[in-house]
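# Observations on chain architecture
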Amino acid sequence: MDFSHFHLLLNHFPIVGTIVGVGLLLLSFCVDGQDLRRSSLVVFVVTALLTIPAFISGFGAQVELLEDPEVSNDLIQRHLGSAELVVWFMGLTGALAGIGLWQSGRPLRPVRGLTWGVLLISLVTVALLARTGNTGGQILHSEIQFGLQDTGLAAFIANFEPSPSSFTRLMIASQWWWAFMMTLHFVGLVLVVGTIGLLNLRVLGFAKQLPIAPLNKLVPWGLAGFGINVVTGLLAFIGMSAYYTYNIAFMLKIVVVLLALASFALFYMTGAFRDCEGVGPGGDAPLRAKLSAGVSLTLWLAVIVLGRYIQPLENSIPR
Amino acid sequence: MELPLWVDAFEQYGLSKWLRESRSLVIGYYPILLLHTLGLSLVVGPNAAINLRLLGVAGDIPLAPLRRWFSLIWFGLVLNVTSGVLLVYVYPVKSLTNPVFYIKLALLGFAIWILLRIKTRVFDDSGLNEADMVARGRMLAVWSLLAWMSVLGAGRLLAYTCHYLLYAVPC
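Let us look at the structure shown here. (Residues numbered from 1 in each chain as written. Chains lettered and ligands numbered in written order. Predicted model: local features only at pLDDT ≥ 70, side-chain atom pairs only at ≥ 80, totals over all residues. Heavy atoms only, no water.)

## Looking at the overall build of chain B
When you go through chain B residue by residue, the secondary structure sums to seven helices and two strands. For chain B, the succession of helices and strands along the chain, N to C, is α-α-α-α-α-α-α-β-β. For the C-alpha atoms alone, the extent of chain B along its principal axes is close to 60 × 35 × 25 Å. The buried share among the 171 residues of chain B stands at 50%. Put simply, of all contacts in chain B between residues at least 6 apart along the chain, 75% involve residues at least 24 apart. When the accessible surface of chain B is summed, it comes to about 8,100 Å², and 70% of that surface belongs to carbon and sulfur atoms. Taking the average location of the 14 positive side-chain charges in chain B and that of its 9 negative ones, the two points are 3 Å from each other. (Helix = DSSP H or I, 4+ residues; strand = E, 2+ residues; numbered from the N terminus. Buried < 20%, exposed > 50% of the residue type's maximum accessible area, 1.4 Å probe, protein only. Contact = heavy atoms within 4.5 Å. Areas by Shrake-Rupley, 256 points an atom, 1.4 Å probe, with all protein chains shown as cover. Lys, Arg positive; Asp, Glu negative; His and termini not counted. Charge placed at Lys NZ, Arg CZ, Asp CG, Glu CD.)

## Details of helix H2 (residues 12-31) of chain A
Residue and element names in this part refer to chain A. For H2, which comprises 20 residues, the first-to-last C-alpha distance of 28 Å matches the rise-based estimate of 28 Å (1.5 Å per residue) to within 8%. Looking at H2, one finds that the buried residues are Pro 14, Gly 17, Thr 18, Gly 21, Val 22, Leu 25 and Ser 28. End-on, the buried residues of H2 take up no more than an arc of 135°, which puts them together on one face. The exposed set on the far side of H2, more than 90 degrees from its buried face, consists of Cys 30 and Val 31. Positive backbone phi, approximately 55°, marks Asp 32, located one or two places after H2. (Expected span 1.5 Å × (residues − 1). Arc of directions from axis to C-beta.)

## With respect to the packing of aromatic side chains
Residue and element names in this part refer to chain A. Counted according to the given criterion, the structure contains 22 aromatic pairs over all chains. Ring centres 4.5 Å apart and planes at 20° place the aromatic pair Phe 29 and Trp 116 in the stacked group. On the criterion of sequence distance, the pair formed by Phe 29 in helix H2 and Trp 116 in helix H5 (residues 112-140) is long-range, its members being 87 residues apart. For Phe 29, a relative accessible area of 22% translates into the label partly exposed. (Phe/Tyr/Trp six-rings, centres within 6.5 Å; stacked < 30°, edge-to-face > 60°.)

## Brief notes about the nonpolar core
Among the nonpolar cores identified, the biggest contains 110 residues, and Val203(A), Cys276(A), Trp69(B) and Phe123(B) are the most heavily contacted of them. In this structure Cys276(A) touches Val203(A), Ile212(A), Phe267(A), Ala285(A), Pro286(A) and Ala289(A), once residues within four positions along its chain are discounted. Counting residues in hydrophobic clusters, the runner-up holds 11 residues, among them Leu25(A), Phe44(A), Leu96(A) and Ile121(A). (Core = buried A, V, L, I, M, F, W, Y, C linked by side-chain atoms within 4.5 Å.)

## Structural notes on unusual backbone geometry
All names here are of chain A. Positive phi, normally seen in glycine, also occurs at Ala 207, with a value near 55°. Counting through the fold element by element, Ala 207 comes out in the loop between helix H8 (175-204) and helix H9 (212-215). Positive phi, normally seen in glycine, also occurs at Asn 315, with a value near 60°. Turning to its location among the elements, Asn 315 is positioned in the segment after helix H14 (287-308).

## Observations concerning the packing of helix H1 (residues 3-10) of chain A against helix H3 (residues 34-65) of chain A
All names here are of chain A. For the pair H1 and H3, interaxial distance at closest approach is 7 Å and the crossing angle is 140°. The orientation of H1 relative to H3 falls into the category oblique. In the crossing of H1 with H3, the sense of the turn from one axis to the other is left-handed. Two secondary-structure elements touch here, H1 through Phe 3, Ser 4, Phe 6, His 7 and Leu 10 and H3 through Pro 53, Ala 54, Ser 57, Gly 58, Gly 60, Ala 61 and Glu 64. When the residues that make up the contact of H1 with H3 are grouped by side-chain class, the tally is six nonpolar, five polar and one charged. (Axes fitted to C-alpha atoms, helices over the stretch in contact; angles between N-to-C directions. Parallel < 35°, antiparallel > 145°, perpendicular 65-115°, else oblique. Left-handed = near helix turned anticlockwise from the far one by under 90°. Nonpolar A, V, L, I, M, F, W, Y, C, P; charged D, E, K, R; others polar.)

## Brief notes about the side chain of Asn80(B)
Residues and elements named next belong to chain B. Mapped onto the elements, Asn 80 comes out in helix H4 (residues 70-90). The buried category is assigned to Asn 80, whose relative accessible area is 14%. Non-local contacts of Asn 80, meaning those with residues more than four positions away in its chain, are made with Leu 35, His 36, Gly 39 and Leu 40.

## Some words on the environment of Val305(A)
Residue and element names in this part refer to chain A. Structurally, Val 305 can be placed in helix H14. For Val 305, a relative accessible area of 24% translates into the label partly exposed. Each C-alpha atom, one on Val 305 and one on Ala 249, is 8.9 Å from the other, the two residues being 56 residues apart in sequence.

## Considerations on the state of the cysteines
Residue and element names in this part refer to chain B. Inspection of every chain in the model, using the stated rule, returns one disulfide over all chains. Across a sulfur-sulfur distance of 1.8 Å, Cys 162 and Cys 171 are joined as a disulfide pair. Measuring the twist about the S-S bond at about -120°, one finds the Cys 162-Cys 171 disulfide to be left-handed. Classification of Cys 171 by relative accessible area gives exposed; the value is 52%. (Disulfide = S-S within 2.5 Å.)

Here it is in structure tokens:
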């Protein structure tokens, strides 16, 4: 598989997306546009999600690059360290933006503080992304190389970057830590199934005595579960990058997770949810909502199946 | 640890051997493991939602109709007892020589006991109004969340620890 190609394709999304998001957000402060603000939050969430495959494809790209003796492993490790820092800030930006979107869709108190929080974190993220882009670009572009010596802001940021090899070792040092992480991963799974899954089932007609609208209030817990799983999943990937990279079940799982989230977003954005929001006890949801719920349920089920099949499909992608 | 010979005989029994050595994704060890995961999400997922509701999350979900979710929980439990027994059958020595296995069983017993208490005390008493149901269920919900999380934790730990893989084969 051509991981380098995927990595080059995907690694522009975080940088361009975050800059566009910041631009829209700043503009929304000037012209006071709710739509602009919502758009910027959408851009942040989508960008954060696309950062996951961008990050993950990096390991395979590294292995492919190192086949060339001319390529400097030190430059690669510096880039990896910067990526292992920015990914958390990107995730935080996306999570805060997601909370903002969820609240702006409901008649809740307007959350001004949150928007400022998103702006602050996203500005930090832009700086860290610039560093990650720079260190990444230098790996192959000798014409822009200014060596391993960092100066100015880059040197300041470098102080906060983890050493990739130590980070990896830390993750796999103890089976107690690994079991703890995986327990949290299962807790996240359970929260998704117990909230989004049950809402989907109700829309499809199971447990009909429940009105649909109140069930929706459980969904933030499911999204929190998803957040737990992004964090624990990334930590696991950092611990065993090669194991996951050359695994078809894992790579498909990442694709299906993104599809499941897209179906989640479409459920709310296409009006499928509005169609069935008013359905009371015993009521039947319209067909469009049912279709949407069925697709969502199928995708989350596929995520669990693929996750479980990572283990037997070790080395299923040729190196 | 000295294990009785019958465990070895058990392990060498054709079906156990066949399931253990099958790399198939349709029938064998991994599909059983998959059923165990699907079962746990059916047991713990609705459980977690019911517990959260009893603790005041999404307070306008009517409590009484949540009774219907117990059918998912029972189905999940049947799936997990079946797949769990099969998992022990496939790797008897690995399970029986690991203390975590017995801890998990004890925690599971406690979690199921709490689950049954919630079912009978909160949901089976049709004379209760919502406030009574919450009053009766609140503490049980806390215990239930803790218990099922511990079961999950013990299950994960079981996957990453072992003393013997097979009879007389240390890990």
